[in-house]
Amino acid sequence: MFLPHGFTCSAVTSIMDSRHFLLTVTFLVLFMQAVVDASSWWSLAMNPLLIPEAYIIGAQPLCSQLAGLSQGQKKLCQLYQDHMQYIGEGAKTGIKECQYQFRHRRWNCSTVDNSSVFGRVIQIGSRETAFTYAISAAGVVNAVSRACREGELSSCGCSRAARPKDLPRDWLWGGCGDNLNYGYRFSKEFVDAREREKTYQKGTYDSARLLMNLHNNEAGRRTVSDLAHVSCKCHGVSGSCSLKTCWLQLADFRKVGDALKEKYDGATSMKLNSRGKLVQVNNKFNSPTSYDLIYIDPSPDYCVRNESTGSLGTMGRLCNKTSEGMDGCELMCCGRGYDQYKAQVVERCHCKFHWCCYVKCKRCTKTVDQFVCK
Amino acid sequence: MAGAIIENMSTKKLVIVGVILLIFQVLSFLVGGLIAPSPTTAVHYLATKCVDARKQQHQRSKWFMPWGPNQCDKIRDFDEAMVKMIEANDIVFAVHIPLPNKEMSPWFQFMLVILQFDIAFKVVNQIEEGAVATIDVGLAYRDDTVSEWTEMAHSIEQRKLSCNFTTSKTYENEGRYYECDLLPFMEVGSVAHKYYLLNIRLPVNERKRINVGIGEIKDIRLVGIHQNGGFTKVWFAMKTFLTPSILIIMVWYWRRITLMTRPPVLLEKVIFALGISMTFINIPVEWFSVGFNWTWMLLFGDIRQGIFYAMLLSFWIIFCGEHLMDQTERNRFAVYWKQVGPIVFGSFCLFIFDMCERGVQLTNPFYSIWASDVGTELAMAFIIVAGICACLYFLFLCFMVFQVFRNISGKRSSLPAMSKARRLHYEGLIFRFKFLMLVTLACAAMTVIFFIISQVNEGHWHWGDYTVQVNSAFFTGIYGMWNLYVFAIMFLYAPSHKRYGDEQSNGDLGVNSGEDIQLTTTITHVDGPTEIYKMTGKEAQE
């Protein structure tokens, strides 16, 4: 989602506000690093290389071609080549859901380019970053579990995936049902690999970021398995409930997005303590559980474009004149005012639908007022 | 002779028998809990959306494979279909059972499939009130990965959609899914083949209003349920072990009965019938299902189970009735018609219901009695009638137990005044009745308790490194328990070996006035009463 945006330099001050001098220094280091190490596995969502056919003929070199994978992720890619497409899909659903949830916010989860995906904003350990990590990890759980059900993954099914040799016997003896478990474990393995292979000195900003990322990834995955609900079927004699089978059913991903958005609103601010562990800044609140999101940096100013923070600014964004909320012109445009346009919108109306793929509509045009932030 | 073993056996021996039975009981629970896996497994399938391109090429096989070699032309979602100008009638949902790298096996016994639609909400294309989905479905099988598919069944089914949308129906919420009820889809009574393939179509015909107003379907999900091979093996092993033990005790019991000079009384016959029905359910004919493709095995199993339960319930009624020490004429089956009638009628209703569902499924595995309105009403009627019969039964039983207890307490108060022998006889009857009632109550309570545990619990407990399968333990434990119960009854009610004279036809339970004299004489012959007699005698004196 590219929107026109201006450029200002004022947002740097918000970083300089930071109390720890050390933090500022690490940020400066990050800036230098950012050029080299900006890409992430999220880029799988944008990668046109990811077509299923590419994996069928032992496409070993493909894994090294894929930008954004860390060393450990590349290894996993080689081991589970057929999974990569679904990881890309998972990232895509995560990003789409993020954009839906934040469509009315100043930061709207817009993607910047194909390698770093979200741009520099993600280098800041803010609430928004926390949400992004969580929702994309959740997306991968969802996509891998779904692919399992479609029969697209060869190694999926039995929960003890480490023993493919015994799989036919296990299957006959006790069945292999739970693919949510598989999705969860694979996502953990793959998404966290990037974080796990790095080692930072205890107490540094990087180690805090690492802990934060791991926590938020886990929160995202847990939200998926938490929202999965149990369905049961009775099938005893004469339909009695003496024989009952239950299974876990994945929730609609929109619900996962809703739940994580709520976690975003209640995210906990954390800081490093002297022993190199993350603790709450404000002790009055309950400490965060593994289902909650955590962040370590304040959010940058998303009002104005800022190259150094990666904020795109809200200039050129559409807003709602009558709304009092975040999508209202007052808040969205950060008090800069807005321009009003009359736009001709062509809509489909009086449609006839089938359950799939068939719509017969008339075209109706109407004029609407549109408001765009200055 | 002085009656049944339960009266004549010494307390020590009785306790030993009880302990042995208890050990077997614990064993049967452990077999299920520790060895067997959970009874059933649910496997998810997501239907692959295939495009039927047969209009262009006529030579292709009519079956659509979701993956593997010769897979169909797939589309990922229906937006893609829209772009490619593919119509709803060209979409085939394909599901291969099982998932890749696995194969089905006769050990799975049965397979039932549940259908669920993922329907996205759209303001302009909502699910209409009382919408019915018409499903054109075909089932095929093959036994190796290369041969052609063979059609097993084909049908056009209707399923009522009952979906609700939990959030407000606004443009904001477009794309969220409806929450739809699970729909019964298919039931196969034997899993004789390795691979199964389902091809599902949702044909649209606007003129006939077929599949119109069913919303925007995004996906079709299926859940396949089958029995676990491990559970089947443990179950068969248990049946194979139990059959001879019940059979032997039954033969022994009947030999004892025929050795007596008098003809067997009603209670003895009923106990024998109970043994027969237990053996009938025990005989592991299911072994044949591993070798033969007998789809009626599931129905047959239901019938056997039904016969056993009907027999058990009738037994309780007659057992109570025979212990009613009133002066009305007993020992005739005709007396119990009023009580046994509801049992037979209720069982018959359930049998009809079962025949309507599983019987029809023998020819059409997609049939479900719940799919049509008439069928639903009929099924409900059967179940309600069976339920009423069950209620009547329990009222009867409670009434009879109450009567028996009232009689007993009445008799008890007059006991001290009676002659010693008669008192001992009554004490014996009271003891037997109470003992059996207690065991029966314990069995029934255990059944109910374990049923509740297995319903509430998620199915397995972790116990150190072991995983205890609660559901399997429930099935093997309860099954073992009823076997032990029948075993115990046949053993304890067999005529005692301790004979004290040949021509006493002990009117065991029927306490007719004519027999009373005989009884007295019988027992006066006894020079030393058994332990139980002593015990109960003392109790009565206090």
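Residues numbered from 1 in each chain as written. Chains lettered and ligands numbered in written order. Predicted model: local features only at pLDDT ≥ 70, side-chain atom pairs only at ≥ 80, totals over all residues. Heavy atoms only, no water.

An unreviewed UniProt entry lists chain B under the name Wnt ligand secretion mediator, with Megalops atlanticus as the source organism. According to the UniProt record, the Subcellular location (unreviewed entry) comment for chain B reads "Golgi apparatus membrane". Here is the UniProt Sequence similarities (unreviewed entry) comment for chain B, exactly as written: "Belongs to the wntless family." (UniProt positions renumbered as here; feature names shortened; annotations may be inferred.)

Under an unreviewed UniProt entry, chain A has the name Protein Wnt and belongs to Megalops atlanticus. Of the comments in the UniProt record for chain A, the one headed Sequence similarities (unreviewed entry) reads "Belongs to the Wnt family." Of chain A, the UniProt comment under Function (unreviewed entry) reads exactly: "Ligand for members of the frizzled family of seven transmembrane receptors."

Turning our eyes to something else, we now look at the pairing of strand β11 (residues 195-201) of chain B. Consecutive side chains of a regular strand alternate in pointing toward one face of the sheet and then the other. Residue and element names in this part refer to chain B. In terms of burial, β11 is a largely internal element, seven of the seven residues being buried. The two faces of β11 match: Tyr 195, Leu 197, Asn 199 and Arg 201 on one face and Tyr 196, Leu 198 and Ile 200 on the other face are all buried. Here strand β4 (residues 91-97) runs beside β11; their pairing, made up of five bridges, is antiparallel. The residue of β11 that forms the bridge with Val 95 is Leu 198. Relative to β11, strand β6 (residues 132-142) runs antiparallel, the two sharing seven bridges. Following the sheet pairing, Arg 142 is matched in β11 by Tyr 195. (Buried < 20%, exposed > 50% of the residue type's maximum accessible area, 1.4 Å probe, protein only. Helix = DSSP H or I, 4+ residues; strand = E, 2+ residues; numbered from the N terminus. Pairing = 2+ DSSP bridges.)

For the rest of this paragraph, the subject is the sheet that holds strand β5 (residues 111-120) of chain B. Taken in spatial order, the four strands of this open sheet run β1-β12-β5-β10 (chain B), and their pairing is antiparallel. With one partner strand each, in any of the chains shown, β1 (40-46) and β10 (183-188) of chain B form the two edges of the open sheet. When strand polarity is set aside, the average angle formed by the axes of neighbouring strands in this sheet is 25 degrees. Summarising the sheet, β1(B) and strand β12 (residues 216-227) of chain B pair through seven bridges and their orientation is antiparallel. From the neighbouring strand, Thr40(B) faces β12(B), where its bridge partner is Gln227(B). Strand contacts of helix α7 (residues 127-150) of chain A: β1 and β12 of chain B, with the helix running at about 100 degrees to β1(B), the strand carrying the most contacts. (Axes fitted to C-alpha atoms, helices over the stretch in contact; angles between N-to-C directions. Contact = heavy atoms within 4.5 Å.)

Counting residues at the interface gives 76 residues for chain B, matched by 54 residues for chain A. In total, about 5400 Å² of surface goes out of reach between chain B and chain A, with carbon and sulfur atoms giving 55% of it. Contact with chain A buries area across many residues of chain B, yet His44(B), Arg76(B) and Lys102(B) alone supply 13% of it, more than any other trio. The interface formed by chain B and chain A contains eight salt bridges. Here Arg76(B) makes a salt bridge to Glu89(A), at a shortest N to O gap of 3.3 Å. At the boundary of chain B with chain A, the tally comes to 22 residue pairs in polar contact (both at pLDDT 80 or more). Taken together, the residues of the side of chain B that touches chain A break down into 40 nonpolar, 17 polar and 19 charged. (Buried area = accessible area lost by both parts, 1.4 Å probe. Salt bridge = Lys/Arg side-chain N within 4 Å of Asp/Glu carboxyl O. Polar contact = N/O pair within 3.5 Å; in protein donor to acceptor, adjacent residues only side chain to side chain. Nonpolar A, V, L, I, M, F, W, Y, C, P; charged D, E, K, R; others polar.)

All right, on to unusual backbone geometry then. All names here are of chain B. Cis geometry marks the peptide bond from Ile 97 to Pro 98; its omega dihedral reads 0 degrees. As for its position among the elements, Pro 98 is in the loop between β4 and β5. With a phi angle near 60 degrees, Met 85 is a residue other than glycine that sits in the positive phi range. Inspection of the secondary structure puts Met 85 in the loop between α3 (78-83) and β4. Phi is positive for Arg 209, which is not a glycine, with a value near 55 degrees. For Arg 209, the position within the fold is in the loop between β11 and β12.

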